[in-house]
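For reference, the chains in residue letters:
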Amino acid sequence: ITGYHGQFDNIPILFVLFALYVFLKWGKKMALLGWTSVTAGMITKHEILQQILIYLSAATKKRWAILLLFTLSVGLFLISFWPYWPQGSERIIKNVLSYGGISRPYGFINFHIDPIMALIHKFLFISLLLIWPFIYKINDLLKSSLAGMLLFLVFTSGISAQQFVLPIALGALQPNAGFFLYTTAASFLLFGNIDELKIAFFQGVDWNHVWFCVLIWFLVELNDKREKSYRRLAGI
């Protein structure tokens, strides 16, 4: 994804992984360091905005603290554009602030029969991302983080191929059948897609195949109530 496609979706995931490691190792007493890390990841690429709420929901039960720190994260994200605003404001608004991915034959995007439907889907999708951390309540932060990334890929109102890397690192910590199914389908799509490696043998795999597999993985994770031994896996 980075070497060939020139995308850097792996960088915000690195910040998320560091934040989760800090939380697993030191708990709430180092929560601000973890928040700083996941905020830095969101500034790098704002597709992980929801991960801030997921992290804060685990780090504190105080709603005012969650709201304050989340607002601060968004504020820092917006401030990061300040040096470039005078010359690049139009492109920042178009390519970052109002960007919602590309319309593909993928999942619920198939129902974008007109611009109104697409706008409604985008509004509902963003709303779901923001309320999900307060609905999905478990005591396993890494599992919550993974579920949030899978939710993003299942209900998204726009998708790009590089976003398929988002759940891989967390899923690889303790893979299950859903993980292997998804990584196989996503890999085959990248092999054959016209915007990627263009290998003819794999061009029968399309976007909806990947969506179906990520839906299965999402349902598998929701059905798995076991708290996974991530501390052991992380060597903590």
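Quantities reported herein were computed from a predicted structural model and do not represent experimental measurements.

Colleague: How should I be thinking about the overall build of the chain in this particular structure?
Modeller: Of regular secondary structure, the chain possesses 11 helices and 0 strands. For the chain, the α and β elements follow one another from N to C terminus as α-α-α-α-α-α-α-α-α-α-α. Taken over the C-alpha trace, the chain has a radius of gyration of 18 Å; the compact-globule value for 236 residues is 18 Å, and the two agree within 12%. Seen through its C-alpha atoms, the chain measures out along the principal axes to roughly 50 × 50 × 35 Å. For the chain, the residues scored as buried account for 44% of the 236 residues in total. Here the analysis covers contacts within the chain between residues at least 6 apart in sequence; of these, 67% occur between residues at least 24 apart. Accessible area of the chain: about 12,600 Å², with a carbon and sulfur share of 70%. Averaging the locations of the 19 positively and 11 negatively charged side chains of the chain gives two centres separated by 12 Å.

Colleague: Would you explain the side chain of Thr156 in this entry?
Modeller: Within the element layout of this structure, Thr156 appears in the loop between helix H7 (141-155) and helix H8 (168-173). Residue Thr156 is classed as buried on the basis of its relative accessible area, which comes to 2%. When neighbours within four sequence positions are excluded, Thr156 is seen to be in contact with Tyr106, Ile109, His121 and Phe125.

Colleague: It is not clear to me how the pattern of salt bridges should be interpreted in this structure. Could you clarify?
Modeller: Between side chains of opposite charge, a pair can form as their charged atoms come close. With the rule as written, the count across this model stands at 3 salt bridges. Between Asp9 and Lys45 there is a salt bridge whose closest N-O contact spans 3.0 Å. Residue Asp9 is found in the segment before helix H1 (10-26), and its partner Lys45 is found in the loop between helix H2 (31-44) and helix H3 (49-59); the two are separated by 36 residues along the sequence. With respect to class, Asp9 is no different from Lys45; both count as buried. Here Lys143 ties to Glu221 by a salt bridge, and the two come within 3.2 Å at their closest N and O atoms. Of the two residues, Lys143 is situated in helix H7 and Glu221 in helix H10 (residues 207-223); the sequence distance between them amounts to 78 residues. An identical accessibility class is assigned to Lys143 and Glu221; each is buried.

Colleague: When you look at a nonpolar patch on the surface in this model, what are you seeing that I'm missing?
Modeller: Taken together, the side chains of Phe108, Phe111, Ile113, Ile116, Met117, Ile120, Phe123 and Leu124 define a hydrophobic patch exposed on the protein surface, amounting to about 860 Å² of accessible area. Along the chain, Phe123 falls in helix H6 (residues 115-135).

Colleague: What exactly am I supposed to notice about the nonpolar core here?
Modeller: In summary, soluble globular proteins display a tendency toward joint burial of nonpolar side chains. Core analysis: the largest hydrophobic core is formed by 58 residues, its most contacted members being Tyr55, Leu56, Tyr106, Leu153, Phe164, Tyr182 and Val214. In this view, Phe164 contacts Tyr106, Leu153, Ile159, Tyr182, Ala186, Leu189, Trp207 and Val210; residues no more than four positions away in its chain are not counted.

Colleague: Before we go on, may I ask you to explain a positive patch on the surface in this structure?
Modeller: Residues Lys28, Lys61, Arg63 and Lys137 make up a contiguous surface patch of positive charge. Mapped onto the fold, Lys28 is located in the loop between H1 and H2.

Colleague: Where do I start with H3 in this structure?
Modeller: Count 3.6 residues to each turn of an α-helix, and residues three or four apart come out pointing the same way. Along H3, 9 of the 11 residues are buried, which leaves the element largely enclosed by surrounding structure. All buried positions along H3 are accounted for by Gln50, Gln51, Ile52, Leu53, Ile54, Tyr55, Leu56, Ser57 and Ala59. Looking at the buried side of H3, the elements it contacts are H1, H2, helix H4 (63-79), H6 and H7.

Colleague: Could you clarify how one ought to interpret the environment of Gly27 in this entry?
Modeller: As for its placement among the helices and strands, Gly27 is situated in the loop between H1 and H2. We classify Gly27 as buried; its relative accessible area is 17%. Gly27 sits 32 residues away from Ala59 along the chain, and the two C-alpha atoms are 7.8 Å apart.

Conventions and cut-offs
- Residues numbered from 1 in each chain as written.
- Predicted model: local features only at pLDDT ≥ 70, side-chain atom pairs only at ≥ 80, totals over all residues.
- Heavy atoms only, no water.
- Helix = DSSP H or I, 4+ residues; strand = E, 2+ residues; numbered from the N terminus.
- Rg over C-alpha atoms; globule rule 2.2 N^0.38 Å.
- Buried < 20%, exposed > 50% of the residue type's maximum accessible area, 1.4 Å probe, protein only.
- Contact = heavy atoms within 4.5 Å.
- Areas by Shrake-Rupley, 256 points an atom, 1.4 Å probe, with all protein chains shown as cover.
- Lys, Arg positive; Asp, Glu negative; His and termini not counted.
- Charge placed at Lys NZ, Arg CZ, Asp CG, Glu CD.
- Salt bridge = Lys/Arg side-chain N within 4 Å of Asp/Glu carboxyl O.
- Patch = residues over 30% accessible without salt bridge, like charges linked within 9 Å, V, L, I, M, F, W, Y side chains within 5 Å.
- Core = buried A, V, L, I, M, F, W, Y, C linked by side-chain atoms within 4.5 Å.

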